[in-house]
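Survey of secondary and tertiary structure
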Amino acid sequence: MASFVSNVSTLVESGLRGPALTHRYALALRVGAVLAFLALWSGLAGLVVVLRLFNPIFLPGPWLVLGSLAELAAKGQLGGHVVATLERVAIGFGIGAALGVALGLAAGYLTPVRNVVEPVVEMLRPIPPLAVLPMFIVWVGIGEPSKIGFITYATFFPIFLTTVTGVRQIDPLLLRAARSLGARGLPLFTRVILPAALPDILIGLRLGVALAFFVIVISEFIGAEQGLGYLINDGRNFFLVPQMLGAAVVLGLLGYGGSELVRLLERRLTRWQHPA
């Protein structure tokens, strides 16, 4: 009977989404898409040179970008910039995630907390992070605290909102059943509320990771001596377009890696949503 239900579920999912892709085929599609993008980029850069559409320095080919990155790595500079950016992102995102999850769980479950916290969050959330960066600089200077605080501010809101949504969408019958079995206080949170809201929390974490790598560039434009944002700004000042694009590519790869780490964590913690 269980095998029959499993086959029916597979058939229904196949009819809605198409047949499931094998891991090797899915990987081939991803690699093929990246190679196609690089081929298109190379072709456009070559056309600019051959047809003399405009100065080729404005659109360097991927080989020039990789050469610029290799030159920075050979000088021992690229690693320091990558580490500086990752440190700022890790600290700022960690603080924002901790605050967002903690306040989100409390606001989602306790109505008085939600009535106090949510109006403030809804007033601050529409303000773009770029608009508050000057305030962080005025308050704490142009050093590391302003950059970390800026990342924390940007990442807090999506994590808080998805956490609140996850808690409020928990089936009330599940909570009543847990209380009837004696779950109260901290055990109720750790064994019922947190696992039930975990899928939404992880979605917020993925959004927060993407935002952290998005805003770190802006913060590193001001008063930074290291970081990928500094490399981009330095390339802009001295018209080093391959360096600018190379730092942007590395930033994109780091952001993609961070998102994949959260997805891996999601598959480990929510195994019931990802059957083999």
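This is a predicted model, so every value here is computed, not measured. (Residues numbered from 1 in each chain as written. Predicted model: local features only at pLDDT ≥ 70, side-chain atom pairs only at ≥ 80, totals over all residues. Heavy atoms only, no water.)

Below, the discussion takes up the overall build of the chain. Of regular secondary structure, the chain possesses 11 helices and zero strands. Against the globule reference of 19 Å for 276 residues, the chain gives a C-alpha radius of gyration of 23 Å, more extended than a compact globule. For the chain, the spread of C-alpha atoms along the principal axes amounts to about 75 × 55 × 30 Å. Burial statistics for the chain: of 276 residues in total, 35% are counted as buried. For the chain, the share of sequence-separated contacts (at least 6 apart) that also reach a separation of at least 24 residues comes to 73%. Both charge centroids of the chain, one from 20 positive and one from 13 negative side chains, sit 8 Å from each other. (Helix = DSSP H or I, 4+ residues; strand = E, 2+ residues; numbered from the N terminus. Rg over C-alpha atoms; globule rule 2.2 N^0.38 Å. Buried < 20%, exposed > 50% of the residue type's maximum accessible area, 1.4 Å probe, protein only. Contact = heavy atoms within 4.5 Å. Lys, Arg positive; Asp, Glu negative; His and termini not counted. Charge placed at Lys NZ, Arg CZ, Asp CG, Glu CD.)

Our focus in this paragraph is the environment of Ala45. Looking at where Ala45 falls in the secondary structure, it is placed in helix α2 (residues 23-51). In this structure Ala45 comes out as buried when scored by relative accessible area, which is 3%. Here the alpha-carbon distance between Ala45 and Ile57, two residues 12 residues apart in the chain, equals 9.5 Å. If we skip the residues at most four places from it in the chain, Ala45 touches Leu59, Pro60, Gly61 and Trp63.

Summarising the element assignment, Thr85 is placed in helix α4 (residues 78-109). A polar contact of 2.8 Å, which involves the side chain of Thr85, links it to the backbone nitrogen of Leu228. (Polar contact = N/O pair within 3.5 Å; in protein donor to acceptor, adjacent residues only side chain to side chain.)

Phi angles above zero are rare outside glycine, and Arg52 is one such case at about 55 degrees. Here Arg52 shows up in the loop between α2 and α3 (62-74). For Phe239, which is not glycine, the phi dihedral falls at a positive 60 degrees. Structurally, the position occupied by Phe239 is in the loop between α10 (228-237) and α11 (241-269). Its relative accessible area of 45% is what places Phe239 among the partly exposed residues.

Now for the environment of Pro126. Topologically, Pro126 is positioned in the loop between α5 (111-124) and α6 (129-140). In this structure Pro126 comes out as exposed when scored by relative accessible area, which is 60%.

As a further point, take the packing of aromatic side chains. A complete count under the given rule lists eight aromatic pairs for this structure. Consider the rings of Tyr153 and Phe157, whose centres lie 5.0 Å apart with planes at 85 degrees: the pair is edge-to-face. With a gap of four residues between them, Tyr153 and Phe157 both fall in helix α7 (residues 144-168), about one helical turn apart. Of the two residues, Tyr153 and Phe157, neither departs from the other in class, the shared state being buried. (Phe/Tyr/Trp six-rings, centres within 6.5 Å; stacked < 30°, edge-to-face > 60°.)

Right, let's get into the nonpolar core. If you look at the biggest cluster of nonpolar residues, it comprises 50 residues, and the most contacted ones within it are Phe93, Phe160, Ile193, Leu205 and Leu228. Top contributing element to this core by residue count: helix α9 (residues 185-220), with 14 residues. (Core = buried A, V, L, I, M, F, W, Y, C linked by side-chain atoms within 4.5 Å.)

This part is about the packing of α7 against α9. The description of two packed helices rests on the angle between their axes and on the distance between the axes. The N-to-C vectors of α7 and α9 enclose an angle of 155 degrees; their axes lie 7 Å apart at closest approach. Of the possible angle classes, the one that applies to α7 and α9 is roughly antiparallel. With respect to the hand of their crossing, α7 and α9 are arranged in right-handed fashion. A per-class count over the contact of α7 with α9 returns 16 nonpolar, seven polar and three charged. (Axes fitted to C-alpha atoms, helices over the stretch in contact; angles between N-to-C directions. Parallel < 35°, antiparallel > 145°, perpendicular 65-115°, else oblique. Left-handed = near helix turned anticlockwise from the far one by under 90°. Nonpolar A, V, L, I, M, F, W, Y, C, P; charged D, E, K, R; others polar.)

What follows covers the confidence of the model for the chain. In the predicted model, the chain carries a mean pLDDT of 86, and 91% of its residues have values of at least 70. By mean pLDDT, the top-scoring element of the chain is α4 (94), and the lowest-scoring one is helix α1 (residues 2-17) (45). Taken as a whole, residues 1-14 scores under 50 in pLDDT and shows two contacts with residues more than four places along the chain or in a different chain. (pLDDT = per-residue confidence, 0-100.)

On to a nonpolar patch on the surface, then. Nonpolar side chains collect at one region of the surface, where Leu40, Leu44, Leu47, Val49, Val50, Leu51, Leu53, Phe54, Ile57, Phe58 and Phe239 lie side by side and expose about 1100 Å² of accessible area between them. With respect to the helices, strands and loops of the structure, Phe54 is situated in the loop between α2 and α3. Its relative accessible area of 39% is what places Phe54 among the partly exposed residues. (Patch = residues over 30% accessible without salt bridge, like charges linked within 9 Å, V, L, I, M, F, W, Y side chains within 5 Å. Areas by Shrake-Rupley, 256 points an atom, 1.4 Å probe, with all protein chains shown as cover. Salt bridge = Lys/Arg side-chain N within 4 Å of Asp/Glu carboxyl O.)

Here we come to the packing of α3 against α11. At their nearest, the axes of α3 and α11 sit 8 Å apart, and the two run at 80 degrees to each other. Judged on the interaxial angle alone, α11 and α3 are roughly perpendicular. On the side of α3, the interface is formed by Leu64, Val65, Ser68, Leu69 and Leu72, while α11 contributes Pro242, Gln243, Leu245, Gly246, Ala247 and Val250. Among the residues forming the contact of α3 with α11, the class breakdown is eight nonpolar, three polar and no charged.

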